Amino acid sequence: MPEGHSVHRIARQFDRNIVGRVVAASSPQGRFAEGAEMIDGRAATAVRAVGKQMFLEFDDDLWLRVHLGMYGAWDFAGEVVADPTIASANGRMGQTNQRGTVIDDPVMDAAGENSLTSIGAPRRTRVHVRMSEQTTGLAGDEADWPPPVVGQVRLRLLTDVTCADLRGPTACALQTPDEVSATIAKLGPDPLVDDVARGEEEFTAVVRRKPTAIGLLLMDQSVVSGIGNVYRAELLFRARQNPHTPGREVPDDVVRGIWRDWVRLLSIGVESGQMMTMDDLSPAQWRAAMARRDDRHWVYHRAGLPCRVCGTSIVVEEAAGRKLYWCPKCQA
Ligand SMILES: [Zn+2]
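All of these numbers come straight from a predicted model, not from anything done at the bench. (Residues numbered from 1 in each chain as written. Predicted model: local features only at pLDDT ≥ 70, side-chain atom pairs only at ≥ 80, totals over all residues. Heavy atoms only, no water.)

**Student:** Residues and numbers for the environment of Arg 322, please.
**Tutor:** Positionally, Arg 322 belongs in strand β13 (residues 322-326). On a C-alpha basis, the gap between Arg 322 and Gly 228 in space is 9.7 Å, while along the polypeptide they are 94 residues apart. In this structure Arg 322 touches Met 1, Met 70, Met 219, Asn 229, Arg 232 and Glu 317, once residues within four positions along its chain are discounted. (Helix = DSSP H or I, 4+ residues; strand = E, 2+ residues; numbered from the N terminus. Contact = heavy atoms within 4.5 Å.)

**Student:** Describe the sheet that holds strand β10 (residues 162-167), with residues and values.
**Tutor:** Either a parallel or an antiparallel arrangement is found when strands of a sheet pair, and the pairing is made through backbone hydrogen bonds. Strands sit in the order β1-β9-β10-β5-β8 across an open sheet of 5 strands; the sheet is antiparallel. The open sheet terminates on both sides in strands that have one partner only, identified here as β1 (24-26) and β8 (118-120). Each strand axis lies, on average, 15 degrees off the axis of its neighbour in the sheet, ignoring direction. Relative to β10, strand β9 (residues 153-158) is paired through 5 bridges, and the arrangement is antiparallel. If you follow Leu 155 over to β10, its bridge partner there is Leu 166. Each of β5 (73-78), β8, β9 and β10 is contacted by helix α1 (residues 4-17), which is oriented at about 30 degrees to β5, the strand it contacts most. (Pairing = 2+ DSSP bridges. Axes fitted to C-alpha atoms, helices over the stretch in contact; angles between N-to-C directions.)

**Student:** Pulling in residues and values, what's your account of the confidence of the model for the protein?
**Tutor:** It should be kept in mind that the predicted coordinates are not to be read in detail where pLDDT is low. Per-residue pLDDT for the protein averages 89, and the proportion of residues at 70 or more is 87%. Taken together, the stretch residues 87-92 has pLDDT below 50 and engages in 8 contacts with residues farther than four places along the chain or on a different chain. Counted against residues more than four places away or in other chains, residues 127-140, with its pLDDT under 50, gives 25 contacts. (pLDDT = per-residue confidence, 0-100.)

**Student:** Just give me the short version of the nonpolar core, but keep the residues and values in it.
**Tutor:** Grouped together as the largest cluster of nonpolar side chains are 41 residues, with contacts concentrated most on Phe 203, Leu 218, Leu 235 and Trp 262. Elements that contribute at least two residues to this core include exactly α5 (196-207), α6 (214-217), α7 (229-238), α8 (252-272) and α9 (283-291). Examining the composition of this core, we find that 9 residues originate from one element, α8, more than from any other. Not counting residues up to four positions away in its chain, the partners in contact with Phe 203 are Pro 189, Leu 218, Val 223, Val 224, Val 255, Ile 258 and Trp 259. (Core = buried A, V, L, I, M, F, W, Y, C linked by side-chain atoms within 4.5 Å. Buried < 20%, exposed > 50% of the residue type's maximum accessible area, 1.4 Å probe, protein only.)

**Student:** Summarise the pairing of β10; cite the residues concerned and give the values.
**Tutor:** Of all 6 residues in β10, 6 are buried; the element is thus mostly enclosed. Here β10 shows a buried face lined by Thr 162, Ala 164 and Leu 166 and a second buried face lined by Cys 163, Asp 165 and Arg 167. Strand direction decides the pairing type here: β5 and β10, joined by 6 bridges, are antiparallel. Residue pairing across strands places Asp 75 opposite Asp 165, the latter belonging to β10. The antiparallel hairpin formed by β9 and β10 contains 3 residues in its connecting segment.

**Student:** Kindly report on the pattern of salt bridges, identifying the contributing residues and their values.
**Tutor:** Taken as a whole, this structure holds 15 salt bridges when the rule is applied. Taking the shortest distance from any N to any O, the salt bridge between Glu 200 and Arg 256 comes out at 2.9 Å. In this pair, Glu 200 is assigned in helix α5 and Arg 256 in helix α8, connecting sequence segments 56 residues apart. Like Arg 256, Glu 200 is buried. Between Arg 256 and Asp 252 there is a salt bridge, and its shortest N-O distance comes to 2.8 Å. A residue pair is termed a helical-turn pair when its members lie 3 or 4 positions apart in one helix, as Arg 256 and Asp 252 do in helix α8 at 4 residues. On the accessibility criterion, Arg 256 (19% relative accessible area) is buried. Linked through salt bridges whose partners overlap, the residues forming this network are Glu 200, Glu 201, Arg 208, Asp 252, Arg 256 and Arg 260. (Salt bridge = Lys/Arg side-chain N within 4 Å of Asp/Glu carboxyl O.)

Written out as structure tokens, the structure reads:
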């Protein structure tokens, strides 16, 4: 599932390529035909990401709300302006490792998690488009502009030079400014939206009065925004916190530590495009971790494998319908 870092990356891509331009909107699949008609011909004026949701504003107070859910993704074609914060001095795209060093030769994940032009659910988990279709259909060749529609495109936003295709979202709807405010008001703090210190107080206060297990609270978007299954497991391991402890029994300093760690991991995720959750990797380890998910997590997706710290087998269990991975010894 795309977690908060993906949605912030998508919003930044919209800011660079779509905001400030008039868009032609359509719903090739038909399921958002009326909404697309409302948007068509308007200029995009602003974009916001909060947690797992993106809000794109158009002329005359019309907002588009998109929640990618488990399988949603945006694919960009045509002119796709690279993020200047990860472009290296020689103009090529770079990546910044954990020590802040720019790597000129970016490491891309085979599953497409840190793709520059396709952001959302990892390609292998998407239901609507096969990878071969994506790579052949969305090459962005100037000869066939606009790009041919591939798969079930819920919404296509097209400027003179850039095409953004949305597939497989859980929510894609128009909202008034009041509705946007109401949606955002229900969401817990997001470190990239809210004041970080105030967010820490808010998160800590809510967690510390809940009888609900901390492993469930971290996935509750009204408690904290943007954390999904991967970050949940990794944050808990990094805190050496048992996922079953009720929120109100987790010590204050541990709750605050989890918030601060989320602030840090989210910014690394937005910058690298990866849910990089391991620290202090050597350059070789860092490259391996960027290329393969299984090399960049402490416990996520490691059921039955030895804990990287203590050697105990990592366990997996169902928690609110999602797989929860943890080390029964480190997180006793
Ligand atoms: Zn362990």
